[in-house]
Amino acid sequence: MKYSYIKPRKKTPFTQELKLLVTFFSMTLIMIFSTFIFLVYKDYSFQKQKAETIEARLELQKDIENMKNQITYIKKQKDLSERIFTKNSVLKDSITNLFDLVPERITLSQAELLQNGLILYGITPNKDVYNFMLQAPLRSIFHKTYSSFYPAGNGWLRFVSTNYIDEMDAELENEN
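> An account of the side chain of Gln 135 is needed here, citing residue identities and associated values.
As for its placement among the helices and strands, Gln 135 is situated in helix α2 (residues 127–141). Note on Gln 135: relative accessible area 9%, which makes it buried. Beyond its immediate stretch of four places on either side in the chain, Gln 135 contacts Tyr 130, Thr 145 and Ser 147.

Next up, the structure:
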């Protein structure tokens, strides 16, 4: 006996509603899992980038220290060059003043600059011209002055003037 005009269907536990529910849950799980994988990857990427940034920062700090050392070295070199330039200017002015100090009647043939002194070689017509025109200004500059005279072939006198500044007095003048 048949009560139905249609052929009976087999009933399964997976109904349309259950299939739809499983599909939504699986899609949700896939989305959550992919989000988790994405976040793990981004975290790894950020950690790697953080380590590279720290390494770059340390390298830049080393470079900054090197640059500071180079700047200090350059400043020392600049100061040294300025001191040398100043000493050279003073020496140039001193030499100019020395040659301005020599009168026209006396001829210098050689001048030697020493650490604490000066040696002059030259020709003078006589001792009086030398004593009044050159030795007096030299005595006002130097603490010790010695002169030696030798006859030249033309009747004039060759002289060697050795002039020194006392080291202790020079140190006192440098401190002032």
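> Now, about the sheet that holds strand β3 (residues 144–151): what can you tell me, with residues and values included?
Spatially, 4 strands are ordered β1-β2-β4-β3 in an open sheet, and the strand pairing comes out antiparallel. Only two strands of the sheet have a single neighbouring strand rather than two, namely β1 (107–113) and β3. Taken pair by pair, the neighbouring strands of this sheet meet at an average axis angle of 15°, ignoring direction.

> Please give an account of a nonpolar patch on the surface that cites residues and values.
Together, Phe 14, Leu 18, Leu 21, Val 22 and Phe 25 make up an exposed nonpolar region whose accessible area comes to about 480 Å². Take Val 22: it is sitting in helix α1 (residues 16–101). With relative accessibility at 47%, the residue Val 22 sits in the partly exposed group.

> Describe a negative patch on the surface, with residues and values.
The grouping of Glu 52, Glu 55, Glu 59 and Asp 63 at the surface amounts to a negative patch. Inspection of the secondary structure assignment puts Glu 59 in helix α1. Classification of Glu 59 as partly exposed rests on a relative accessible area of 48%.

> Before we move on, could you go through the pattern of salt bridges and cite the residues and values that matter?
Scanning all chains against the criterion turns up 2 salt bridges. For Lys 78, the salt bridge is made with Glu 82, and the minimal N-O distance between the two is 3.2 Å. Linking Lys 78 with Glu 82, this pair stays in helix α1, spanning 4 residues, or about one helical turn. The class for Glu 82 is partly exposed, based on a relative accessible area of 40%. With a shortest N-O distance of 3.6 Å, Lys 144 and Asp 166 are connected by a salt bridge. Of this pair, Lys 144 sits in strand β3 while Asp 166 sits in the loop between β4 (157–164) and α3 (167–175), and the two are 22 residues apart along the sequence.

> Account for the confidence of the model for the chain, naming residues and giving values.
Detailed reading of predicted coordinates is not advised where the pLDDT is low. Confidence along the chain averages 87 in pLDDT terms, with 94% of residues attaining 70 or more. Within the chain, the lowest mean pLDDT, 58, falls on α3, and the highest, 93, falls on α1.

> Which residues make up the pairing of β1, and what values do they have?
As defined by bridge partners, β1 adjoins strand β2 (residues 117–124) across 6 bridges and the pair is classed as antiparallel. By the bridge assignment, Thr 107 is partnered in β2 with Ile 123. Here β1 folds back onto β2, and the loop between the two strands holds 3 residues.

> So what's going on with the packing of aromatic side chains? Residues and values would help.
Under the definition given, this model contains 2 aromatic pairs. On the numbers, 5.2 Å between centres and 85° between planes, the contact of Tyr 130 with Phe 149 is edge-to-face. With Tyr 130 in helix α2 and Phe 149 in strand β3, the pair connects residues that are 19 residues apart, well separated along the chain. Residues Tyr 130 and Phe 159 carry aromatic rings whose centres are separated by 4.8 Å and whose planes lie at 45° to one another, so their mutual orientation is tilted. With Tyr 130 in helix α2 and Phe 159 in strand β4, this residue pair connects regions lying 29 residues apart in the sequence. A relative accessible area of 0% places Tyr 130 in the buried class. Using a relative accessible area of 2% as the deciding quantity, one classes Phe 159 as buried. Within the aromatic cluster, the residues linked to one another by ring pairs are Tyr 130, Phe 149 and Phe 159.

The rules behind each value
- Residues numbered from 1 in each chain as written.
- Predicted model: local features only at pLDDT ≥ 70, side-chain atom pairs only at ≥ 80, totals over all residues.
- Heavy atoms only, no water.
- Helix = DSSP H or I, 4+ residues; strand = E, 2+ residues; numbered from the N terminus.
- Buried < 20%, exposed > 50% of the residue type's maximum accessible area, 1.4 Å probe, protein only.
- Contact = heavy atoms within 4.5 Å.
- Pairing = 2+ DSSP bridges.
- Axes fitted to C-alpha atoms, helices over the stretch in contact; angles between N-to-C directions.
- Patch = residues over 30% accessible without salt bridge, like charges linked within 9 Å, V, L, I, M, F, W, Y side chains within 5 Å.
- Areas by Shrake-Rupley, 256 points an atom, 1.4 Å probe, with all protein chains shown as cover.
- Salt bridge = Lys/Arg side-chain N within 4 Å of Asp/Glu carboxyl O.
- Lys, Arg positive; Asp, Glu negative; His and termini not counted.
- Charge placed at Lys NZ, Arg CZ, Asp CG, Glu CD.
- pLDDT = per-residue confidence, 0-100.
- Phe/Tyr/Trp six-rings, centres within 6.5 Å; stacked < 30°, edge-to-face > 60°.

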